[in-house]
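Examination of the molecular architecture
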Amino acid sequence: MGIEEKLPSGVLLSTVEGLAGYFRKASLWPATFGLACCAIEMMTSGGPRYDLARFGMEVFRASPRQSDLMIVAGRVSQKMAPVLRQIYDQMPNPKWVLSMGVCASSGGMFNNYAIVQGVDHVVPVDMYLPGCPPRPEMLIDAILRLHDKIMHEPLGDRRRRALEAKIERDGEPVVAPGAMPSSYRFDKTKRAEWLKAAAQGREEQLRIRDWMEERARLTSGGSK
């Protein structure tokens, strides 16, 4: 029993994209970044009962230089947001972000000036996981869905052509997945500002500028 039964001739044909996607999705190393109660569920998923090691992900790295997946587990405070962004910037490419729980995804029950209302204000998010807190099975399911996304990502010029063909076929997306913060999606003025920045390649500068302005406004309002 083994792969030799599936490949009696001993020859396997694939593509560089297929191999790169398989290797990437099978060797994700998450960054150690637990912020609140969701982190307990994340730790549990790495324990013997759920055994995240089955998917090559038991190595939670303490250094962002050795990580390619950030699992934001818990609410993100205004004070923690710059730290989160710095860790994200220190992670090598390619890298992915999984927003774990409703607090990380939208602020959850903490609708106040101290909590960022969605981590996508600070970093681009590839996968959202609802729940308060989500169970380890839900986290593993989200990771497997992210694996599928990574597995089928085209590379290089093929990726550029695939994106151009999709835009030509379906039109320009209203929301670019993993790029536009949730607070921009339903505000026509802010959405237009974002699309203009995207055309100039300065989405990240706009995201950080607006976040700093919002933080200053909320901090000022909260101190009164």
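These numbers come from a predicted model, not from an experiment.

The next subject is the nonpolar core. Residues Met 42, Leu 69, Ile 71, Leu 98, Met 100, Leu 139 and Ile 143 are the most contacted members of the largest nonpolar core, which totals 21 residues. Of all elements in the fold, only α3 (38-45), β2 (69-73), β3 (96-100), β4 (127-129) and α6 (136-151) reach the threshold of two or more residues within this core. Among all residues touching Ile 71, those that are not within four sequence positions of it are Pro 30, Phe 33, Met 42, Leu 98, Met 100, Leu 139 and Ile 143.

Before going further, it helps to examine unusual backbone geometry. At the junction of Asn 93 and Pro 94, the peptide bond is cis and its omega measures out at -5° in the coordinates. In this model, Cys 132 is joined to Pro 133 through a cis peptide bond whose omega is -10°. A positive phi angle, near 55°, is found at Asp 51, a position not held by glycine. Judged by its relative accessible area of 30%, Asp 51 falls in the partly exposed class.

The next subject is the environment of Gln 117. Along the polypeptide, Gln 117 turns up in the loop between α5 (102-106) and β4. On the basis of relative accessible area, Gln 117 is assigned to the partly exposed category, the value being 26%. Looking at Gln 117, its side chain comes within polar contact range of the main-chain oxygen of Phe 110, at 2.9 Å.

Within a regular strand, side chains alternate between the sheet's two faces. Counting buried residues in β3 gives five out of five residues, a clear majority hidden from the surface. Along β3, one buried face is formed by Trp 96, Leu 98 and Met 100 and the opposite face, lined by Val 97 and Ser 99, is buried too. Sheet topology note: the β2/β3 ladder contains five bridges and is parallel. Its bridge partner lying in β3, Ile 71 is registered against Leu 98. A crossover links β2 with its parallel partner β3, the connecting element being helix α4 (residues 81-90), and its sense is right-handed. Where β3 meets β4, three bridges bridge the pair, whose relative direction is parallel. Residue Met 100 lies in a different strand from β4, and its bridge partner there is Leu 129.

Attention now goes to the sheet that holds strand β1 (residues 30-31). Ordered by their spatial adjacency, four strands build an open sheet running β1-β2-β3-β4, and the pairing between neighbours is parallel. Each edge of the open sheet carries a strand with a single partner, namely β1 and β4. Across the sheet, α3 touches β2 and β3, and the angle it forms with β2 is around 135°.

Parameters at a glance
Residues numbered from 1 in each chain as written. Predicted model: local features only at pLDDT ≥ 70, side-chain atom pairs only at ≥ 80, totals over all residues. Heavy atoms only, no water. Core = buried A, V, L, I, M, F, W, Y, C linked by side-chain atoms within 4.5 Å. Buried < 20%, exposed > 50% of the residue type's maximum accessible area, 1.4 Å probe, protein only. Helix = DSSP H or I, 4+ residues; strand = E, 2+ residues; numbered from the N terminus. Contact = heavy atoms within 4.5 Å. Polar contact = N/O pair within 3.5 Å; in protein donor to acceptor, adjacent residues only side chain to side chain. Pairing = 2+ DSSP bridges. Right-handed = clockwise from strand over helix to strand, strands pointing away. Axes fitted to C-alpha atoms, helices over the stretch in contact; angles between N-to-C directions.

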